[in-house]
Structure formats: structure tokens, C-alpha cells
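One-letter residues, chain by chain:
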Amino acid sequence: MSADWPHDPDGEEGSEGGRKYGHAVIAKKIDEGEDFPLSREEFVAEYGEDPVRIDHETVVSVREVFDGIDRDEYEDFPDLHRALGRNMRDEGYWFYEGAEEFVAKKKR
């Protein structure tokens, strides 16, 4: 892991005492009752350099997770969650076993 991160994503500040990955790291930065509609630009400006653990070897920035998402605003958390999930799969940041099968079933 790079020493350039503002905090260790697996340390107390980064994961509240436990290892968290992907969406969980981003979700804990959001107050669902107050932050929506959520501005992509404002969120990335505030948290863009924070680390997100993708798997046991990979850590990327919040900015990188949002790269490739063209939408500027999200109505609610499920709306944001779906956009992040699609982008994470497209960018190769989704390593859950069977994810493709689950997504294919949901589209039917």
C-alpha cells in the first residue's frame, strides 16, 4: 500500500476496526438522510483521495472508483449504489465470485 494515502483503509480510521471493501468504504462516508441528492462532483472533491480497498492486494482512490461515471447527481443511496456497482464491474474493480451471474439474473 502506498504511504500517500491519508489513512490506512484497514486501520481504525479507515475501516472502524475491521476490513471493509469497495462499496462499504464509500457507503460509510454518506449520511443517507442528509446527503441526497448527492453531487458526484462535491463528493469526489471531498473524498476523492481517500483509499478504497478492492481486494486483499488492491487499493484505489475514491476518485478512481467514480472515474467513468458520467452522472452528476444521485437521488438516493440505491441509485448511487447501482451506478457504482456498474462502474466497478466495468473497470475491473468487482471481484465477488459469481457477480456476473447475479447481475444477469437481476436484469431478467
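Residues numbered from 1 in each chain as written. Predicted model: local features only at pLDDT ≥ 70, side-chain atom pairs only at ≥ 80, totals over all residues. Heavy atoms only, no water.

Looking at an unreviewed UniProt entry, one finds the protein chain named DUF5785 family protein, with Halobium palmae as its source organism.

We now examine the packing of aromatic side chains. Inspection of every chain in the model, using the stated rule, returns two aromatic pairs. Each ring, one from Phe-43 and one from Tyr-47, has its centre 4.9 Å from the other, and the planes form 50 degrees; the classification is tilted. With Phe-43 and Tyr-47 both in helix α3 (residues 40-47), this residue pair falls four residues apart, about one helical turn. Comparing Phe-43 with Tyr-47 shows no difference in burial state: the two are buried. Each ring, one from Phe-43 and one from Phe-66, has its centre 5.6 Å from the other, and the planes form 50 degrees; the classification is tilted. Of this pair, Phe-43 sits in helix α3 while Phe-66 sits in helix α4 (residues 62-66), placing them 23 residues apart in sequence. (Phe/Tyr/Trp six-rings, centres within 6.5 Å; stacked < 30°, edge-to-face > 60°. Helix = DSSP H or I, 4+ residues; strand = E, 2+ residues; numbered from the N terminus. Buried < 20%, exposed > 50% of the residue type's maximum accessible area, 1.4 Å probe, protein only.)

Inspection of every chain in the model, using the stated rule, returns three salt bridges. Between Lys-29 and Asp-50 there is a salt bridge, and its shortest N-O distance comes to 2.8 Å. Of this pair, Lys-29 sits in the loop between α2 (23-27) and β1 (38-39) while Asp-50 sits in the loop between α3 and β2 (51-53), and the two are 21 residues apart along the sequence. Judged by its relative accessible area of 12%, Asp-50 falls in the buried class. Its salt-bridge partner being Asp-79, residue Arg-71 comes within 2.6 Å of it at the nearest N-O pair. Residue class for Arg-71 comes out partly exposed when judged on its relative accessible area of 32%. Residue Asp-79 is classed as buried on the basis of its relative accessible area, which comes to 12%. (Salt bridge = Lys/Arg side-chain N within 4 Å of Asp/Glu carboxyl O.)

For the pair Asp-50 and Val-60, spaced ten residues apart in sequence, the C-alpha separation works out to 8.3 Å. Looking at Asp-50, its side chain comes within polar contact range of the side chain of Lys-29, at 2.8 Å. (Polar contact = N/O pair within 3.5 Å; in protein donor to acceptor, adjacent residues only side chain to side chain.)

A few words on unusual backbone geometry. The peptide bond linking Phe-36 to Pro-37 adopts the cis configuration, its omega dihedral lying at 0 degrees. Along the polypeptide, Pro-37 turns up in the loop between α2 and β1.

It is worth spelling out the nonpolar core at this point. Residues Ile-26, Phe-43, Phe-66, Tyr-74 and Leu-80 are the most contacted members of the largest nonpolar core, which totals 23 residues. Looking at this core, the elements that each hand over two or more residues are α2, α3, α4 and α5 (77-90). Of all the elements, α5 adds the most residues to this core, at five residues. When neighbours within four sequence positions are excluded, Ile-26 is seen to be in contact with Phe-43, Val-52, Val-65, Phe-66 and Leu-84. (Core = buried A, V, L, I, M, F, W, Y, C linked by side-chain atoms within 4.5 Å. Contact = heavy atoms within 4.5 Å.)

Let us now look at α3. An α-helix turns once every 3.6 residues. As a result, residues three or four positions apart point the same way. For α3, the set of buried residues is Phe-43, Val-44 and Tyr-47. When α3 is viewed along its axis, its buried side chains cluster within an angular range of 95 degrees and face the same direction. Opposite the buried face of α3, at more than 90 degrees from it, the exposed residues are Glu-41, Glu-42, Ala-45 and Glu-46. On the buried face of α3, the contacting elements are α2, β1 and α4. (Arc of directions from axis to C-beta.)

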